[in-house]
Amino acid sequence: PALDPEGNVQYVQARYLEPIGSDKYDNPAGSLGSNPRLAWTRTPDGRTTAGVLLVTEGIPDALTAAGAGYAAVGVLGSQAPDDRVADVLVRHAASTDRLLIAIPDADSAGRAWSLRLTELVAARGGRLRVIEPPDGQDLNGWASENRVWTSQVGVHSRHLITPPQPRLEHLTT
């Protein structure tokens with residue numbers, strides 16, 4: 001289930017373990033509920049690492065982060081972060097005094113996702129740090145190979161990526 005920030009079920013997304021073709025996910029018909037674009041998680045004991053909100057590409061990575069004690073949210077339909085996603089993330093980070101840290105998949109699509117999300121967050125006056133797992137991995141793969149991945153989620157991480165600052169153009173008339 002995709003939860004809202006208060007923990008209420010707002011949507012359901014299923015992932016096939018052995019997908020046929022390229023469709024890994026199955027979503028309900030639009031008439032049953034619209035995609036909220038963000039799926040919030042809960043940690044097993046209800047406590048979270050202070051001051052951090054991890055943002056991931058999808059629910060599976062967000063659940064891995066929550067299992068490690070982080071407040072985490074998965075972006076649904078993550079290949080195209082949009083204004084609505086950025087608005088909610090920036091407001092939530094400000095109201096909870098949390099640093100936004102994105103952990104994209106370490107591939108070209110994940111890098112494009114994190115750059116776009118960084119631009120959207122910056123346009124709203126927010127800040128997003130990006131920590132990329134080792135090449136070719138997502139958070140789940142990283143966590144399964146490196147049980148101390150959480151020690152690398154921080155300001156001094158060797159996996160910390162500082163995306164180029166978005167170029168904001170000012171139009172004059």
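Structure: see above.
Now for a description of the structure that goes with this document. (Residues numbered from 1 in each chain as written. Predicted model: local features only at pLDDT ≥ 70, side-chain atom pairs only at ≥ 80, totals over all residues. Heavy atoms only, no water.)

The next point concerns the side chain of D61. Relative to the elements of secondary structure, D61 occurs in helix α1 (residues 59–67). A polar atom in the side chain of D61 sits 2.7 Å from the side chain of N140. What D61 contacts, discounting residues up to four positions off in sequence, is T56, D105, D138, L139 and N140. (Helix = DSSP H or I, 4+ residues; strand = E, 2+ residues; numbered from the N terminus. Polar contact = N/O pair within 3.5 Å; in protein donor to acceptor, adjacent residues only side chain to side chain. Contact = heavy atoms within 4.5 Å.)

Tallied over the entire structure, the rule returns two aromatic pairs. Arranged with centres 5.8 Å apart and planes meeting at 35°, the rings of Y70 and W149 form a pair that is tilted. Here Y70 is found in the loop between α1 and β7 (71–75), whereas its partner W149 is found in the loop between α4 (139–145) and β10 (160–161), with 79 residues between them in sequence. Of the two residues, Y70 and W149, neither departs from the other in class, the shared state being buried. Summarising the aromatic geometry, the rings of W142 and W149 are spaced 6.0 Å apart at their centres and angled 50° between planes, so their arrangement reads as tilted. Members of the aromatic cluster, joined through ring pairs, are Y70, W142 and W149. (Phe/Tyr/Trp six-rings, centres within 6.5 Å; stacked < 30°, edge-to-face > 60°. Buried < 20%, exposed > 50% of the residue type's maximum accessible area, 1.4 Å probe, protein only.)

Spanning 16 residues, helix α3 (residues 108–123) covers 23 Å between terminal C-alpha atoms, matching the ideal 22 Å at 1.5 Å per step. Along α3, the positions that sit buried rather than exposed are G110, W113, S114, L117, T118, L120 and V121. End-on view of α3: buried residues confined to an arc of 165°, all on one side of the axis. Seen from the open side of α3, the exposed residues pointing more than 90 degrees away from its buried face are S108 and A123. Packed against the buried residues of α3 are β6 (52–56), β7, α2 (83–96), β8 (99–103) and β9 (128–131). N-cap assignment for α3: the residue whose side-chain oxygen lies 3.3 Å from the backbone N of A109 is D107. (Expected span 1.5 Å × (residues − 1). Arc of directions from axis to C-beta.)

This part covers the nonpolar core. Core analysis: the largest hydrophobic core is formed by 18 residues, its most contacted members being V55, L89, L100 and L117. Contributing elements (two or more residues each) for this core: β5 (38–40), β6, β7, α2, β8, α3 and β9. At four residues, α2 tops the list of elements feeding residues into this core. Apart from residues no more than four positions distant in its own chain, L117 is found in contact with V55, P81, V85, L89 and L128. Among the nonpolar cores identified, the runner-up in size contains 14 residues, and L54, A62, A65 and W149 belong to it. (Core = buried A, V, L, I, M, F, W, Y, C linked by side-chain atoms within 4.5 Å.)

Right, let's get into the pairing of β9. A two-sided burial pattern is seen for β9, the buried positions comprising L128 and V130 on one face and R129 and I131 on the other. Of the pairings in the sheet, the one linking β8 to β9 comprises three bridges and is parallel in character. Among the inter-strand pairings, A102 is bridged to a residue of β9, identified as V130. Handedness of the crossover joining β8 and β9 through α3: right-handed. (Pairing = 2+ DSSP bridges. Right-handed = clockwise from strand over helix to strand, strands pointing away.)

This model, assessed by the stated rule, comprises seven salt bridges. A salt bridge links D82 to R37; its shortest N-O distance comes to 2.7 Å. Of the two residues, D82 is situated in the loop between β7 and α2 and R37 in the loop between β4 (25–26) and β5; the sequence distance between them amounts to 45 residues. Given a relative accessible area of 11%, R37 falls into the buried group. One salt bridge in this structure joins D83 and R124, with 2.7 Å as the shortest N-O distance. With D83 in helix α2 and R124 in the loop between α3 and β9, the pair connects residues that are 41 residues apart, well separated along the chain. For R124, a relative accessible area of 28% puts it in the partly exposed group. Salt bridges sharing common partners tie together D83, D87 and R124. (Salt bridge = Lys/Arg side-chain N within 4 Å of Asp/Glu carboxyl O.)

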